[in-house]
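Results of the structural survey
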Amino acid sequence: MNLLQVREMMLFTAEKMVESEPELTALDQVIGDGDHGIGMKRGFAAIIVLLQNPNFNAIDFGDLFNQIGTKLMTSMGGASGAIFGTFFRAGGKSIAGTTDFNAETLSKLLNDGWQAVYQRGNAKPGDKTMVDALAAAAKTATELTSAKLTDALPKIVESAMQGAENTAQMIAVFGRAKNLGERSIGHKDPGSVSMAFILKYMNDYLQTA
């Protein structure tokens, strides 16, 4: 994919994330503050404005994802803004100068983004956070760097979705859900679902483009 195609993919993804607000809000009302969906909607609505601006300019994939991450940080606020913003900014930095967005590029974006998120908040797989979806996706992406992006991304999405699904069996160790202890079992982490949704919508665009 070229830069224009990836910009269009992320615009599509942002629009779908805004539409996902009710589902994400419902998840967070059970074990969180109830504002995760609203925050994600605010952040991705800001990305829609950013990417639809006729004066928008990105010099490469790295710059594109860095601008997306920065916009999430400044528009969402809170922990989610910092975490998802860090993911896109650090992942973007790792692919600066790349000329083709393929499976190997995506793998680097996911893996370097995940490492940056870990360094920022120390969340690891099993802690019932967005990292459970992101780490699962990154692991699968690492195994598929030589595949076509259209073949790799569906499998990456499947791993992310399973990672989010697995959080229902975990006890939360971060955020408000941490206070629930074992009562957080049986409920998926909203952040992990958001991470899986982002990848799902990227794939939805890719498969129909």
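Notes on the structure in this doc start here. Since the structure is predicted, the reported quantities are computational estimates derived from the model, not experimental observations. (Residues numbered from 1 in each chain as written. Predicted model: local features only at pLDDT ≥ 70, side-chain atom pairs only at ≥ 80, totals over all residues. Heavy atoms only, no water.)

**Observations concerning the overall build of the protein chain**
- Assigned secondary structure in the protein chain consists of nine helices and zero strands.
- In sequence order, the protein chain lays out its α and β elements as α-α-α-α-α-α-α-α-α.
- In terms of C-alpha radius of gyration, the protein chain reaches 16 Å, essentially the compact-globule figure of 17 Å for 209 residues.
- The principal-axis extents of the C-alpha atoms in the protein chain amount to approximately 45 × 35 × 30 Å.
- The buried share of the protein chain, reckoned over its 209 residues, is 53%. (Helix = DSSP H or I, 4+ residues; strand = E, 2+ residues; numbered from the N terminus. Rg over C-alpha atoms; globule rule 2.2 N^0.38 Å. Buried < 20%, exposed > 50% of the residue type's maximum accessible area, 1.4 Å probe, protein only.)

**Examining the packing of aromatic side chains**
- Overall, the coordinates contain six aromatic pairs when judged by the stated rule.
- Of the aromatic side chains, those joined through ring pairs into one cluster are Phe61, Phe65, Phe87, Phe88 and Phe101. (Phe/Tyr/Trp six-rings, centres within 6.5 Å; stacked < 30°, edge-to-face > 60°.)

**Considering the side chain of Thr167**
- Mapped onto the elements, Thr167 comes out in the loop between α8 (149–166) and α9 (190–208).
- A distance of 2.5 Å separates a polar atom in the side chain of Thr167 from the backbone oxygen of Ala164.
- When near neighbours in sequence (up to four residues on either side) are disregarded, Thr167 contacts Lys128, Thr129, Asp132, His187, Lys188, Asp189 and Ser192. (Polar contact = N/O pair within 3.5 Å; in protein donor to acceptor, adjacent residues only side chain to side chain. Contact = heavy atoms within 4.5 Å.)

**Comments concerning the nonpolar core**
- Counting 62 residues, the largest nonpolar core has Phe44, Phe101 and Leu110 as its most contacted members.
- Those residues within four positions of Leu110 in sequence are excluded, and the remaining contacts are Phe87, Leu134, Ala137, Ala138, Ala141, Ile156 and Leu199. (Core = buried A, V, L, I, M, F, W, Y, C linked by side-chain atoms within 4.5 Å.)

**A short note on the pattern of salt bridges**
- Applying the stated rule across the entire model yields six salt bridges.
- In this structure, Lys16 and Glu19 form a salt bridge, with 3.6 Å as the shortest nitrogen-oxygen distance. Highlighted residues: Lys16 and Glu19, both in helix α1 (residues 3–19), separated by three residues, approximately one helical turn.
- Residue classification places Lys16 among the partly exposed residues on the basis of a relative accessible area of 28%. (Salt bridge = Lys/Arg side-chain N within 4 Å of Asp/Glu carboxyl O.)

**What about α9?**
- Over its 19 residues, α9 runs 27 Å from end to end, which matches the ideal 27 Å to within 8%, given 1.5 Å per residue.
- With 15 of 19 residues buried, α9 lies mostly within the body of the structure.
- Where α9 starts, the residue carrying a side-chain oxygen 3.1 Å from the main-chain nitrogen of Gly191 turns out to be Asp189. (Expected span 1.5 Å × (residues − 1).)

**Some thoughts on the environment of Phe87**
- By the element assignment, Phe87 lies in helix α5 (residues 78–94).
- Taking the C-alpha atoms as reference, Phe87 lies 6.3 Å from Trp114; in sequence the two are 27 residues apart.
- The contact partners of Phe87, leaving out residues within four places of it in the chain, are Leu109, Leu110, Gly113, Trp114, Val117, Met130, Leu134 and Met195.

**Quick look at helix α3 (residues 36–52)**
- The first and last C-alpha atoms of α3 sit 24 Å apart over 17 residues, in line with the 24 Å expected at 1.5 Å per residue.
- Looking at α3, one finds that the buried residues are His36, Gly37, Gly39, Met40, Gly43, Phe44, Ala46, Ile47, Ile48, Leu50 and Leu51.
- Contacts made by the buried residues of α3 are with α1, α2 (21–31), α4 (61–76), α5 and α9.

**Some points on the packing of helix α7 (residues 130–143) against α8**
- Between α7 and α8, whose axes approach to 7 Å, the crossing angle comes to 150°. With respect to their mutual orientation, α7 and α8 come out roughly antiparallel. As for how α7 packs across α8, the hand of that crossing is right-handed. Across the interface between the two elements, Asp132, Ala133, Ala136, Ala137, Thr140 and Ala141 from α7 touch Lys155, Ile156, Ser159, Ala160, Gly163 and Ala164 from α8.
- Along the lines of polarity and charge, the residues of the contact of α7 with α8 split into seven nonpolar, three polar and two charged. (Axes fitted to C-alpha atoms, helices over the stretch in contact; angles between N-to-C directions. Parallel < 35°, antiparallel > 145°, perpendicular 65-115°, else oblique. Left-handed = near helix turned anticlockwise from the far one by under 90°. Nonpolar A, V, L, I, M, F, W, Y, C, P; charged D, E, K, R; others polar.)

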